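Per-entry structural report
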Amino acid sequence: MTQHSALNTQHLATSTHGGGIVILDYGSQYTQLIARRVRESGVYAELFHWDTDADQVLALEPRGIILSGGPNSVYDESAPTLPAYVLKSGVPVLGICYGMQLLTQALGGKVVGAQEREYGPAGVEVAATDSPLFKELPTHLDVWMSHGDRIESLPQGWQSLAQSGNSPFAAMGDTTKQRYGVQFHPEVSHTPLGTAILRNFVIDICGCAANWNAASIIEESVARVRDQVGSGRVVLGLSGGVDSAVAAALLNRAIGDQLTCIFVNHGLMRKDEPEQIINTFGAQFGINLVAVDATETFLGALEGVTDPERKRKIIGELFVRTFEAEANKLGDVEFLAQGTIYPDVIESAAKDRPGAHRIKTHHNVGGLPEDMKFKLVEPLRYLFKDEVRKVGTELGLPDEIVWRQPFPGPGLAVRCLGDITWERLETLRAADAIFREELENAGMLRTGTSQAFAVLLPVKSVGVMGDNRTYEEVIALRAVTTDDFMTADWARLPYDLLARASSRIVNEVRGVNRVTYDITSKPPGTIEWE
Ligand code: XMP
């Protein structure tokens, strides 16, 4: 057993979606994208580390296997290898980059080391226009190359399907055995028609049905949850974020009254958020909801605390204690549900692996202690964020929740610099609401910014209002664009929008007389100011 097998302790799709696609991960930074693209074609795909036990992989009854790219050369000492079951299984195989080199080597072709990596955009000419891999595609394709080694001679039975300036074997295949390789990365956006290539592979070549959609995801997940919890009771912490909200809606569909949600209001939510949570989940969905207003307790504990790390620690500990106390009041609850999603699962599995190439630190949203005596239910464990959103919409959650931007677990505490008091929080909430309203009106909250918010600074500056001198605090506006929140750029917001937000904040929000816009990228800045 490998450490990575934690990734796939149970399958989501062994029943009706049995017959999806297995992706073996050889360490490319793009492997997750392969799964996302395949799923966008309506076909279930699951990731496995390349040396996961055969039984575990084959339990999915795959109709096709994709071998990802990776940073190694097939000649490296201890280079990852091709497990025997891949070729034995008889299902179609697509090797991408390193995956193609592995196939070549395993089938008797020749891979040679190159002095230099080929990296970047390239043009590919499709020679085998009748190949099912390139069905309905033009003969010229813009692609993204990233490889070191190259193929010198093909295995027996294989032919070149496409060439690039640098490679006579930009794509190759054995049509009889339905095995293919591409030197480029069809999964990245720099290969604009790459999704079509992957769709051709999974649907035309592997014969998968395109039946992975919000409705079928819900059906699968409901069945799996019912199977896991039986008649047991489940408790779930609602944070206001997308993931816990969708998990709640899904569990409600699956087990109704067996679910109780606990919402701990720490007083650090944004404007109108607590009311919206209570209204949506309590009134509209009719979920058993325990809403605890712990504002006083949290603000009491935070009184006079200005150090960001101490703030976080106090909030984290108090949150757990409050949640635990409420959960204990519920009596015989067996399960704790969490809104863990697939990228969290993949990333933490990768992090545990020796020599991992992707290392990511997680901020845990309201993380609960491991010694809580619950069994875990994770209904979103196999879903990407875009799938979580589709499921949320299909289950009837409002757009404001489904399309909510990420919000840190410690809430406004990381955006209210200096002393945290109710008055300062109200100032921050009002400014933040104006900024987000202006972004929403300009259509820039859902697209155009990945995260946008106001920060209240513990700095006073002089201003003039009417004939009076003012001496009040400063609001900093922060808006960033990012794919993964590990790096980010400041959003180039239109000046008019910034002007409207600034003027409204100064005029409408008491205690603020100056607004600045943060133009720091990450790195060297972080997204939150803390
Ligand atoms: P930074 O500030 O590190 O933030 O660039 C990266 C992303 O993480 C979010 N963030 C948190 N999320 N608990 C969370 O759940 C936290 O303690 C926390 N701190 C930062 C931040 O909002 C951004 O999306």
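What comes next concerns the included structure. Since we're looking at a predicted model, the values are computed, not measured. (Residues numbered from 1 in each chain as written. Predicted model: local features only at pLDDT ≥ 70, side-chain atom pairs only at ≥ 80, totals over all residues. Heavy atoms only, no water.)

**Let's talk about the pattern of salt bridges**
Evaluated as defined, the whole model comprises 25 salt bridges. Arg-429 is paired through a salt bridge with Glu-426; the nearest N and O atoms lie 2.8 Å apart. A residue pair is termed a helical-turn pair when its members lie 3 or 4 positions apart in one helix, as Arg-429 and Glu-426 do in helix 14 (residues 422-441) at three residues. (Salt bridge = Lys/Arg side-chain N within 4 Å of Asp/Glu carboxyl O. Helix = DSSP H or I, 4+ residues; strand = E, 2+ residues; numbered from the N terminus.)

**Quick look at the nonpolar core**
If you look at the biggest cluster of nonpolar residues, it comprises 107 residues, and the most contacted ones within it are Ile-21, Ile-66 and Phe-134. Residues from two domains meet in this core; each of domain 1 (7-205) and domain 2 (214-402) gives at least three. If sequence neighbours within four positions are ignored, Ile-21 has contacts with Val-38, Val-43, Tyr-44, Ala-45, Glu-46, Leu-60, Gly-64, Ile-66, Val-202, Cys-206 and Cys-208. Ranked by size, the runner-up nonpolar core spans 49 residues in total, among them Val-305, Phe-319, Ala-452 and Ile-475. (Core = buried A, V, L, I, M, F, W, Y, C linked by side-chain atoms within 4.5 Å. Buried < 20%, exposed > 50% of the residue type's maximum accessible area, 1.4 Å probe, protein only. Domains from an automatic or database assignment. Contact = heavy atoms within 4.5 Å.)

**Some points on helix 9 (residues 295-302)**
Taken together, the buried positions of helix 9 are Thr-295, Phe-298, Leu-299 and Leu-302. Buried residues of helix 9, seen end-on, are gathered within an arc of 95° and therefore sit on one face of the element. Looking at the buried positions of helix 9, the neighbouring elements they touch are strand 13 (259-265), strand 14 (288-293), helix 10 (308-329) and helix 14. One or two positions beyond helix 9, positive phi appears at Gly-304, with a value near 75°. (Arc of directions from axis to C-beta.)

**Section: the site of the ligand**
Among the twelve residues in the neighbourhood of the ligand, the closest are listed as Arg-312, Gln-451, Lys-522, Ile-527 and Glu-528. Between Lys-522 and the ligand, the recorded distance is 2.7 Å, taken from a side-chain N or O atom to an oxygen atom. Expressed as a share of its isolated accessible area of 500 Å², the protein-covered part of the ligand is 90%. Across the shell around the ligand, the residue classes tally to five nonpolar, four polar and three charged. (Near = heavy atom within 4 Å. Polar contact = N/O pair within 3.5 Å; in protein donor to acceptor, adjacent residues only side chain to side chain. Areas by Shrake-Rupley, 256 points an atom, 1.4 Å probe, with all protein chains shown as cover. Nonpolar A, V, L, I, M, F, W, Y, C, P; charged D, E, K, R; others polar.)

**Looking at the packing of aromatic side chains**
Under the definition given, this model contains nine aromatic pairs. By the ring-pair criterion, three or more aromatic residues cluster together here, those being Tyr-26, Trp-50 and Tyr-98. One cation-aromatic arrangement involves Arg-270 over Phe-407; the distance from NZ or CZ to the ring centre is 4.0 Å. Over the ring of Phe-453 we find Arg-415; its NZ or CZ atom is 3.7 Å from the centre of that ring. (Phe/Tyr/Trp six-rings, centres within 6.5 Å; stacked < 30°, edge-to-face > 60°. Lys NZ or Arg CZ within 6 Å of the ring centre and 35° of its normal.)

**Focus: the packing of helix 9 against helix 10**
At their nearest, the axes of helix 9 and helix 10 sit 10 Å apart, and the two run at 150° to each other. Here helix 9 lies roughly antiparallel to helix 10, going by the angle between them. For the element pair helix 9 and helix 10, the recorded crossing hand is right-handed. Judged by residue contacts, Thr-297, Phe-298, Ala-301 and Leu-302 of helix 9 engage Lys-311, Ile-314, Ile-315, Leu-318, Phe-319 and Thr-322 from helix 10. A breakdown of the residues in the contact of helix 9 with helix 10 according to their chemical character gives seven nonpolar, two polar and one charged. (Axes fitted to C-alpha atoms, helices over the stretch in contact; angles between N-to-C directions. Parallel < 35°, antiparallel > 145°, perpendicular 65-115°, else oblique. Left-handed = near helix turned anticlockwise from the far one by under 90°.)

**Considering unusual backbone geometry**
For the peptide bond that leads from Lys-522 to Pro-523, omega is -20°, which places it in the cis range. Secondary-structure assignment places Pro-523 in the segment after strand 20 (512-517). Geometrically, the link from Pro-523 to Pro-524 is a cis peptide bond, its omega value of 10° lying close to zero. The topology assignment puts Pro-524 in the segment after strand 20. In this structure, Glu-61 takes a positive phi of about 50° despite not being glycine. When you line up the elements, Glu-61 lands in the loop between helix 2 (54-58) and strand 3 (64-67). Residue classification places Glu-61 among the exposed positions, given a relative accessible area of 53%. With phi around 65°, Phe-485 is a residue other than glycine that occupies positive phi space. One can find Phe-485 in the loop between strand 18 (468-481) and strand 19 (489-490).

**As for the environment of Gly-511**
The topology assignment puts Gly-511 in the loop between helix 15 (495-508) and strand 20. Sequence-wise, Gly-511 and Glu-472 are 39 residues apart; in three dimensions their C-alpha atoms are separated by 5.5 Å. Setting aside residues up to four positions removed in sequence, Gly-511 forms contacts with Glu-472 and Glu-473.

**Some remarks on the sheet that holds strand 4 (residues 93-96)**
One open sheet accounts for nine strands, arranged 2-1-3-4-11-10-9-6-7; its pairing is mixed. Each edge of the sheet is formed by a strand with only one pairing partner; in this case those strands are strand 2 (45-49) and strand 7 (140-147). Strand after strand, the sheet turns through a mean of 30° between neighbouring axes, direction not considered. The sheet contacts of helix 1 (residues 31-40) involve strand 1 (21-25), strand 2, strand 3 and strand 4, and relative to strand 2 the element is tilted by about 160°. (Pairing = 2+ DSSP bridges.)

**Some thoughts on the packing of helix 6 (residues 214-229) against helix 7 (residues 242-255)**
With their axes 9 Å apart at the nearest point, helix 6 and helix 7 run at an angle of 65° to one another. The orientation of helix 6 with respect to helix 7, classified from their angle, is roughly perpendicular. Considering how the two elements wind past one another, helix 6 and helix 7 form a crossing that is right-handed. On helix 7, the residues touching Ile-218, Ser-221, Val-222, Val-225, Arg-226 and Val-229 of helix 6 are Leu-250, Leu-251, Arg-253, Ala-254 and Ile-255.

Function-wise, these values are silent; they only describe arrangement.
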